[in-house]
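Read off the chains here:
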Amino acid sequence: MDLAYIPSPSTGVIHLGPIPLRGYAFCIIIGVFVAVWLGNKRWIARGGTAGTVADIAVWAVPFGLVGGRLYHVITDYQLYFSEGENWVDAFKIWEGGLGIWGAIALGAVGAWIGCRRRGIPLPAYADAIAPGIALAQAVGRWGNWFNQELYGKPTDLPWALKISAGANREAGLYHPTFLYESLWCIGVALLVIWADRRFKLGHGRAFALYVAAYCAGRGWIEYMRVDEAHHILGLRLNVWTAIVVFALAVVYMVVSAKVRPGREEIVEPKKDAGEPADTAGTDATDAADASGDKAAEDEPARDAAPQDEVPAEDAGTEDRHGAGNGAGAGGR
């Protein structure tokens, strides 16, 4: 008798009337909010403007979801296009199936578009959002728990995951690989935050560190999984992907540190710098107003000057009546 194990939800869907509320979708949504929240704080700390991360996420998130789904469908095409399978299921993203490799790749394209529209360097944005992405993955992996998927080999450990019988799965106790990856992603986020503060990472190196650290963990976690997958030379496809991406991330960090050491001093152009024409117009208006005010101040002086001048023909009168005119001048 097993005295300790992690139970699985009996269902991953709760119906609120006719509306289905899916645990998988909630985990993805919460993860996105966490990534944007932390990314915004880090972006502001780097000298950026509040709200910029969310504005760019409007582009990155949809691209990432499409990329993640495409990677899953392409690498597990037999689940949707084999004999007896329904290809329409490829669009049912709520049933699970997002490949992080495709999500990051196509999400980066969306982020690039958003950054380009705002005049922001993509590497600086990637550095700010990197720990948030890791935390988003940590939260998102719990969606696999709701769907009872992506578990590992059978085990009798106290933290084994109990899986119930269902389509393409057998009841039993298995390694909770979703939990292993969730905890690993939290560790990756903390590592990136620490390293960024300690070494002032810039020009995309914080993001590269996140990628390398995640791949290192994904490699051994992927090796424990028992779900169906394509194999190359005895290793699962995702293990090879993790190895290749890890190597590329490390190479990028090394080369980038030599070519562009240090960190960006300015990550986002300020609003006044982005609108030179309007600023110039305002400055010109202010200058004109100032000139007008100066002229108004000088005008009484100009008007007063002629009043002090005495016509030549009245000079004698002025001399004869000096005392009276002097008193009158003091009265004005």
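All of these numbers come straight from a predicted model, not from anything done at the bench. (Residues numbered from 1 in each chain as written. Predicted model: local features only at pLDDT ≥ 70, side-chain atom pairs only at ≥ 80, totals over all residues. Heavy atoms only, no water.)

**With respect to the overall build of the protein chain**
Move 1: Along the backbone of the protein chain there are 13 helices and six strands.
Move 2: Within the protein chain, counting contacts between residues at least 6 apart in sequence, those at least 24 apart form 70% of the total.
Move 3: Accessible surface, the protein chain: about 19300 Å² in total, of which carbon and sulfur atoms supply 65%. (Helix = DSSP H or I, 4+ residues; strand = E, 2+ residues; numbered from the N terminus. Contact = heavy atoms within 4.5 Å. Areas by Shrake-Rupley, 256 points an atom, 1.4 Å probe, with all protein chains shown as cover.)

**Observations concerning the pattern of salt bridges**
Move 1: Scanning the entire structure with this criterion turns up 13 salt bridges.
Move 2: The salt bridge partner of glutamate 268 is arginine 118, with a shortest N-O separation of 3.4 Å. Placement of the pair is glutamate 268 in the loop between helix 9 (237-259) and helix 10 (271-274) and arginine 118 in helix 4 (residues 100-118), with a sequence separation of 150 residues.
Move 3: By relative accessible area, which is 5% here, glutamate 268 ends up buried.
Move 4: Linking arginine 141 and glutamate 181 is a salt bridge whose minimum nitrogen-to-oxygen distance equals 3.1 Å. Taken together, the residues span a long stretch of sequence, with arginine 141 in the loop between helix 5 (122-140) and helix 6 (142-147) and glutamate 181 in helix 7 (residues 177-199) at a distance of 40 residues. By the burial criterion, arginine 141 is buried, and glutamate 181 matches it.
Move 5: Through salt bridges with shared partners, a single ionic network connects Arg141, Glu181, Arg218, Glu222, Arg225, Asp227 and Arg236. (Salt bridge = Lys/Arg side-chain N within 4 Å of Asp/Glu carboxyl O. Buried < 20%, exposed > 50% of the residue type's maximum accessible area, 1.4 Å probe, protein only.)

**Describing the packing of aromatic side chains**
Move 1: For the structure on display, the rule yields 12 aromatic pairs.
Move 2: Taking 5.1 Å as the distance between ring centres and 65 degrees as the angle between the ring planes, the aromatic pair formed by tryptophan 145 and phenylalanine 146 counts as edge-to-face.
Move 3: We classify phenylalanine 146 as partly exposed; its relative accessible area is 26%.
Move 4: Pairwise contacts between aromatic rings join Trp101, Phe207, Tyr210 and Tyr214 into one cluster. (Phe/Tyr/Trp six-rings, centres within 6.5 Å; stacked < 30°, edge-to-face > 60°.)

**As for helix 8 (residues 205-224)**
Move 1: Its 20 residues place the ends of helix 8 29 Å apart at the C-alpha level, agreeing with the 28 Å of an ideal helix rising 1.5 Å per residue.
Move 2: Of all 20 residues making up helix 8, 16 are buried, and the element is well covered by its neighbours. (Expected span 1.5 Å × (residues − 1).)

**Overview of the pairing of strand 2 (residues 19-22)**
Move 1: Pairing geometry for strand 1 (residues 13-16) and strand 2, over four bridges, is antiparallel. Bridging across to strand 2, valine 13 finds its partner in arginine 22. (Pairing = 2+ DSSP bridges.)

**Looking at the side chain of glutamate 222**
Move 1: Along the chain, the position of glutamate 222 falls in helix 8.
Move 2: Owing to a relative accessible area of 0%, glutamate 222 belongs among the buried residues under this scheme.
Move 3: There is a polar contact of 2.9 Å between the side chain of glutamate 222 and the side chain of arginine 236.
Move 4: Ignoring any residue separated from it by four or fewer positions in sequence, one finds glutamate 222 in contact with Arg236, Asn238 and Val239. (Polar contact = N/O pair within 3.5 Å; in protein donor to acceptor, adjacent residues only side chain to side chain.)

**A short note on unusual backbone geometry**
Move 1: Positive phi is not limited to glycine here, since leucine 150 has a value of about 60 degrees.
Move 2: The topology assignment puts leucine 150 in the loop between helix 6 and strand 3 (161-163).

**A word on the nonpolar core**
Move 1: Among the nonpolar cores identified, the biggest contains 37 residues, and Trp43, Trp101, Tyr125, Val192 and Tyr210 are the most heavily contacted of them.
Move 2: Of all elements in the fold, only helix 1 (23-45), helix 2 (52-75), helix 4, helix 5, helix 7, helix 8 and helix 9 reach the threshold of two or more residues within this core.
Move 3: For tyrosine 210, the residues in contact, after removing those within four places along its chain, are Ile104, Ala130, Ile133, Ala134, Gln137, Val188 and Val192.
Move 4: In this structure, Ile6, Leu161, Ile163 and Tyr174 belong to the second largest nonpolar core, which totals eight residues. (Core = buried A, V, L, I, M, F, W, Y, C linked by side-chain atoms within 4.5 Å.)

**Some thoughts on the confidence of the model for the protein chain**
Move 1: Looking at the protein chain, the pLDDT average stands at 84 and 80% of residues meet or exceed 70.
Move 2: For the protein chain, the element scoring lowest by mean pLDDT is helix 13 (residues 322-331), at 39; helix 5 scores highest, at 98.
Move 3: For the stretch residues 273-332, pLDDT sits under 50, and the model shows six contacts to residues farther than four places along the chain or on other chains. (pLDDT = per-residue confidence, 0-100.)

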